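Remarks on the overall topology
Spelled out from the first residue to the last, the chains are:
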Amino acid sequence: MRILLTNDDGIRADGIQRLAKELEKEHELIIVAPDIERSAQSHAITLFKPLVIKELELEGIRAKAYSVSGTPADCVRAGMEALADGPIDLVFSGINMGLNSGMDILYSGTVSAAIEASIYNIPSIAVSAEYVDKKVNFDIAASYASKILERSIPEIKDTNIVLNINTPYTEDDIKGIKACKVGDVIYDYYFEGKNGDGEKILQAKGRRDISLTEDTDRYYLSQGYATITPLHYDLTNFKSLEEVKSWMED
């Protein structure tokens, strides 16, 4: 397959380079990623200034690589519209340093890059690895991402499905793979004080997890499984659509 690889941690990040080396074993690759870390950019795109694109050489990687002075979604657009020599079969985003599970997917540049591919009617996979006590196992994430890709190719080819993969942190192997739904995460914002101008400031200090619901990504990750969740970008609440239509009737 011809794969466009991107991320939100920046083109020099360990995760994207580890995944590139894994994917190059079997697939043709082009790398288009942000010039610097662009975490939590969600689906932002750059509108009011030009994107600066630079071709780079990444040690130990054969694929052409380009840095982009924009967001992860910008990188997918730049790759699809200007940099790829021919059709792209699939977009891969990651490996992110830290999980993109639960409500994290709403803020994630990693996942949003994959969703941007879906808008182009191309299948995509986002992959993220748990970060615990300043440690992350990219090898396991790359290995399972490759396994899932090979199993999925016959099913996802010529679709616009988005698969969101997360792997738990472990020094050993993980228990297996669970296909599941998205769980919940709630962020807490803590009041920190005032700045030099006497203005109130707020700083995100951490998160509060609500109770883990079975059959969700965060539940299975806590049990030592890799998770895979199919996503789509249509935000329509179909359950409420007919009710809302009734409000508009004369």
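Structural data are supplied above this passage.
We now turn to the structure provided with this report. (Residues numbered from 1 in each chain as written. Predicted model: local features only at pLDDT ≥ 70, side-chain atom pairs only at ≥ 80, totals over all residues. Heavy atoms only, no water.)

**Quick look at the nonpolar core**
Within the largest apolar cluster, 31 residues are counted, with the highest numbers of intra-cluster contacts made by Leu-5, Ile-31 and Phe-92. Counting residues per element, the ones that place at least two in this core are strand S1 (2-6), helix H1 (14-23), strand S2 (28-34), strand S5 (90-97), strand S6 (124-129), helix H5 (138-156) and strand S9 (162-167). Setting aside its immediate chain neighbours within four residues, Leu-5 contacts Ile-16, Leu-19, Ala-20, Leu-23, Leu-29, Ile-30, Ile-31, Val-32, Phe-92 and Gly-94. Residues Leu-4, Leu-83, Ile-88 and Ala-117 belong to the second largest nonpolar core, which totals 14 residues. (Core = buried A, V, L, I, M, F, W, Y, C linked by side-chain atoms within 4.5 Å. Buried < 20%, exposed > 50% of the residue type's maximum accessible area, 1.4 Å probe, protein only. Helix = DSSP H or I, 4+ residues; strand = E, 2+ residues; numbered from the N terminus. Contact = heavy atoms within 4.5 Å.)

**Let's talk about the side chain of Asp-8**
As for its placement among the helices and strands, Asp-8 is situated in the loop between S1 and H1. Buried charge Asp-8 goes without a salt bridge, the closest partner of opposite sign being Arg-38 at 9.9 Å. In terms of polar contacts, Asp-8 uses its side chain to reach the backbone amide nitrogen of Gly-109, at 3.4 Å. Of note is the side chain of Asp-8, whose polar atom sits 3.1 Å from the side chain of Thr-110. Here Asp-8 is in contact with Pro-34, Glu-37, Arg-38, Ser-39, Ala-40, Pro-72, Asn-96, Gly-109 and Thr-110, once residues within four sequence places are set aside. (Lys, Arg positive; Asp, Glu negative; His and termini not counted. Salt bridge = Lys/Arg side-chain N within 4 Å of Asp/Glu carboxyl O. Polar contact = N/O pair within 3.5 Å; in protein donor to acceptor, adjacent residues only side chain to side chain.)

**Remarks on the packing of helix H2 (residues 72-83) against helix H4 (residues 109-119)**
Two elements in contact, H2 and H4, have axes separated by 8 Å at closest approach and are oriented at 30°. Here H2 is positioned roughly parallel relative to H4, judged by the angle of their axes. Crossing of H2 over H4 shows right-handed handedness. Here Pro-72, Ala-73, Val-76 and Arg-77 of H2 lie close against H4, whose contacting residues are Gly-109, Ala-113, Glu-116 and Ala-117. When its residues are assigned to classes, the contact of H2 with H4 shows five nonpolar, one polar and two charged. (Axes fitted to C-alpha atoms, helices over the stretch in contact; angles between N-to-C directions. Parallel < 35°, antiparallel > 145°, perpendicular 65-115°, else oblique. Left-handed = near helix turned anticlockwise from the far one by under 90°. Nonpolar A, V, L, I, M, F, W, Y, C, P; charged D, E, K, R; others polar.)

**Remarks on the pairing of strand S13 (residues 226-231)**
The buried count for S13 comes to five of six residues, which makes it a mostly enclosed element. Where S9 lies against S13, five bridges are found, and the strand directions are antiparallel. Residue pairing across strands places Ile-165 opposite Ile-228, the latter belonging to S13. (Pairing = 2+ DSSP bridges.)

**Examining the pattern of salt bridges**
Taken as a whole and assessed by the stated rule, the structure comprises eight salt bridges. Close ionic contact of Asp-139 with Arg-18 constitutes a salt bridge, the shortest N to O distance being 2.6 Å. Here Arg-18 lies in helix H1 and Asp-139 lies in helix H5, a separation of 121 residues in the sequence. Judged by relative accessible area, which is 46%, Asp-139 ranks as partly exposed. With a closest N to O distance of 3.1 Å, Asp-35 and Arg-38 form a salt bridge. On the accessibility criterion, Asp-35 (33% relative accessible area) is partly exposed. Classification of Arg-38 as buried rests on a relative accessible area of 19%. What you see here is one network of salt bridges that share partners, running through Arg-18, Glu-22, Lys-25 and Asp-139.

**Notes on the environment of Leu-231**
Residue position: Leu-231 is located in strand S13. Sequence-wise, Leu-231 and Ile-53 are 178 residues apart; in three dimensions their C-alpha atoms are separated by 29 Å.

**What to know about the environment of Glu-28**
The residue Glu-28 is located in strand S2 in this model. For the pair formed by Glu-28 and Ser-101, sequence separation is 73 residues and the distance between their alpha carbons is 28 Å. A polar atom in the side chain of Glu-28 sits 3.3 Å from the side chain of Arg-2.

**Overview of the packing of H1 against H5**
At a minimum axis distance of 9 Å, the contact between H1 and H5 shows a crossing angle of 45°. The angle between H1 and H5 places the two elements in the oblique class. Between H1 and H5 lies a crossing of right-handed hand. Of the residues in H5, those touching H1 at Asp-14, Gly-15, Arg-18, Leu-19, Glu-22 and Leu-23 are Phe-138, Asp-139, Ala-142, Ala-145, Ser-146 and Leu-149. Among the residues making up the contact of H1 with H5, the classes are represented as six nonpolar, two polar and four charged.

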